[in-house]
Amino acid sequence: QVQLVESVGGLVQAGGSLRLSCAASGRTFSRYGMGWFRQAPGKEREFVATISGSGGITYYTDSVKGRFTISRDNAKNTVYLQMNSLKPEDTSVYYCAASIIQGSSSYQSYPYWGQGTQVTVSS
């Protein structure tokens, strides 16, 4: 079992930056691939980024490449999402998720989810 707790999101102006963190319980954090997803009102949950257990492999959806960076600190059982050059269309509830499957962009591969945190980007 893995429990995930996300940091509070926030309100930021377009072009600004925000870093989300997600703390995981348990002693086997490095075994899990971690992902970030987001869901805007009336839309399906969307893959954002994923990172392998070792942190050596990352993968992003095209719309955030070059702007977002996923990273992890296995000593702290924490995964991060650094978001730069934010756009109004990045406004969503952001979720972190954990899976034994490494590198998946499908939300169905992730059995463990955080509670979600609101990120709002104003124009």
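Going by the structure above, here's the rest.
Residues numbered from 1 in each chain as written. Predicted model: local features only at pLDDT ≥ 70, side-chain atom pairs only at ≥ 80, totals over all residues. Heavy atoms only, no water.

Student: Would you mind going over the nonpolar core with me for this structure?
Tutor: Side chains of a nonpolar character, in soluble globular proteins, are inclined to be buried together. Ranked by internal contacts, the top residues of the largest apolar core, which has 28 residues, are Leu4, Trp36, Leu81, Met83 and Tyr94. Counting only elements with at least two residues in this core, the list comes to strand E3 (18-24), strand E4 (33-39), strand E5 (46-51), strand E7 (68-73), strand E8 (78-83), strand E9 (92-99) and strand E11 (117-122). With residues near it in sequence (within four places) discarded, leucine 81 still touches Leu18, Arg19, Leu20, Trp36, Val48, Ala49, Phe68, Thr69, Ile70 and Tyr94. (Core = buried A, V, L, I, M, F, W, Y, C linked by side-chain atoms within 4.5 Å. Buried < 20%, exposed > 50% of the residue type's maximum accessible area, 1.4 Å probe, protein only. Helix = DSSP H or I, 4+ residues; strand = E, 2+ residues; numbered from the N terminus. Contact = heavy atoms within 4.5 Å.)

Student: Sorry if this is basic, but what is going on with the state of the cysteines here?
Tutor: In protein chemistry, a disulfide is the covalent bond that joins the sulfur atoms of two cysteines. One pass over the full model with this rule turns up 1 disulfide. With its sulfur 2.0 Å from that of its partner, cysteine 22 forms a disulfide with cysteine 96. Classification of the bridge connecting cysteine 22 and cysteine 96 rests on its S-S torsion, roughly 50°, and on that basis the disulfide is right-handed. On the criterion of sequence distance, the pair formed by cysteine 22 in strand E3 and cysteine 96 in strand E9 is long-range, its members being 74 residues apart. No difference in accessibility class separates cysteine 22 from cysteine 96, as the two residues are buried. (Disulfide = S-S within 2.5 Å.)

Student: Sorry if this is basic, but what is going on with the sheet that holds E7 here?
Tutor: Note on sheets: strands pair through backbone hydrogen bonds, and any given pair is parallel or antiparallel. Pairing within the open sheet is antiparallel, and its 4 strands lie in the order E1-E3-E8-E7. In this open sheet, the two strands that pair with only one neighbour each are strand E1 (4-6) and E7. The sheet shows a mean angle of 20° between the axes of neighbouring strands, taken without regard to direction. Of the pairings in the sheet, the one linking E1 to E3 comprises 3 bridges and is antiparallel in character. Within the sheet, the bridge partner assigned to leucine 4 lies in E3 and is alanine 24. (Pairing = 2+ DSSP bridges. Axes fitted to C-alpha atoms, helices over the stretch in contact; angles between N-to-C directions.)

Student: Sorry, what's going on with the pattern of salt bridges here?
Tutor: Two side chains of opposite charge can pair, provided their charged atoms sit close to one another. On inspection of all chains with the given rule, the structure shows 4 salt bridges. For aspartate 90, the salt bridge goes to arginine 67, with nearest N and O atoms at 2.8 Å. Taken together, the residues span a long stretch of sequence, with aspartate 90 in the loop between E8 and E9 and arginine 67 in the loop between strand E6 (58-60) and E7 at a distance of 23 residues. Across the pair, arginine 67 and aspartate 90 agree in class, each one buried. When salt bridges that share partners are traced, they join Arg38, Glu46, Arg67 and Asp90 into one network. (Salt bridge = Lys/Arg side-chain N within 4 Å of Asp/Glu carboxyl O.)

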